[in-house]
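Chain by chain, the residues run as shown.
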Amino acid sequence: MIDIEADLATVFYAPGDFAHEFIRQRPGVADKTVSGIPASEELESLSNRALATQRQLLLPASAAVMRDDTLTASTAIPQWGSAAGDTFKVLDLERVADGAEVLAHIGKAGTP
């Protein structure tokens, strides 16, 4: 039988080519290392006169990331122009695919 959770963790979200590790922090809960695939989306605004880039992070649902969690990058994330130790805030979440994955919308919170 196929173990979807194990496949997501070892095949798609293993740190390396695409995935990066983050330390998830939430008040009252122990810190947890989670892996996700960073991406960005360009959004048009001001009647198509300006573009804004929104950071996104694709994670397995088992990462248990919630709105307002803080994520600290363990390594540099070139596609976000971020260094190791930069912190991000989870702004919003949406389930994708079959619900086994979550797309987190991310805002930058600070630098080390």
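Rules of the game
Residues numbered from 1 in each chain as written. Predicted model: local features only at pLDDT ≥ 70, side-chain atom pairs only at ≥ 80, totals over all residues. Heavy atoms only, no water. Salt bridge = Lys/Arg side-chain N within 4 Å of Asp/Glu carboxyl O. Helix = DSSP H or I, 4+ residues; strand = E, 2+ residues; numbered from the N terminus. Buried < 20%, exposed > 50% of the residue type's maximum accessible area, 1.4 Å probe, protein only. Core = buried A, V, L, I, M, F, W, Y, C linked by side-chain atoms within 4.5 Å. Contact = heavy atoms within 4.5 Å. Polar contact = N/O pair within 3.5 Å; in protein donor to acceptor, adjacent residues only side chain to side chain. Pairing = 2+ DSSP bridges.

Enquirer: Tell me about the pattern of salt bridges, and name the residues and values.
Expert: A full pass over the atoms with the stated rule returns three salt bridges. Of the charged contacts, one joins Asp69 and Arg26 as a salt bridge, the two residues approaching to 2.7 Å between their closest N and O atoms. Of the two residues, Asp69 sits in the loop between strand 3 (50-60) and strand 4 (70-73) while Arg26 sits in strand 1 (residues 20-26), which places them 43 residues apart along the sequence. Across the pair, exposure class does not vary: Asp69 and Arg26 are buried alike. Ionic pairing is found between Asp92 and Arg67, a salt bridge with its closest N-O pair at 2.5 Å. Of this pair, Asp92 sits in strand 5 (residues 87-96) while Arg67 sits in the loop between strand 3 and strand 4, and the two are 25 residues apart along the sequence.

Enquirer: Pulling in residues and values, what's your account of the environment of Asp17?
Expert: Among the secondary structure elements, Asp17 is positioned in the loop between helix 1 (4-12) and strand 1. A sequence separation of 20 residues divides Asp17 from Ile37, and the C-alpha atoms of the two residues are 9.5 Å apart.

Enquirer: Requested: an account of the nonpolar core, with residues and values cited.
Expert: With 14 residues, the main nonpolar core has Phe22, Leu57, Leu59, Leu71, Trp80 and Ile106 as its most contacted residues. Where this core is concerned, the elements lending two or more residues are strand 3, strand 4, strand 5 and strand 6 (101-110). When sequence neighbours within four positions are dropped, the list of residues in contact with Trp80 reads Phe22, Pro38, Ala39, Arg55, Gln56, Leu57, Phe88 and Ile106.

Enquirer: If you had to explain the side chain of Ser82 to someone new, which residues and values would you point to?
Expert: Relative to the assigned elements, Ser82 resides in the loop between strand 4 and strand 5. Exposure remark for Ser82: the relative accessible area of 6% places this residue in the buried category. Here Trp80 takes part through its backbone oxygen, which lies 3.4 Å from a polar atom of the side chain of Ser82.

Enquirer: So what's going on with unusual backbone geometry? Residues and values would help.
Expert: Here the phi dihedral of Ala64 falls at roughly 55 degrees; this positive angle occurs in a residue that is not glycine. With respect to the helices, strands and loops of the structure, Ala64 is situated in the loop between strand 3 and strand 4. The partly exposed category is assigned to Ala64, whose relative accessible area is 37%.

Enquirer: Could you give me a rundown of the pairing of strand 6, with the residues and numbers involved?
Expert: Each regular strand displays side chains that alternate between the two surfaces of the sheet. Of all 10 residues that make up strand 6, eight are buried, and the element is covered over most of its length. Judged from the nine bridges that link them, strand 5 and strand 6 form a sheet pairing that is antiparallel. Note on strand 6: the bridge partner recorded for Lys89 is Gly107. Taken together, strand 5 and the strand that follows it, strand 6, pair antiparallel across an intervening segment of four residues, in which Ala97 is found at a positive phi of about 55 degrees.

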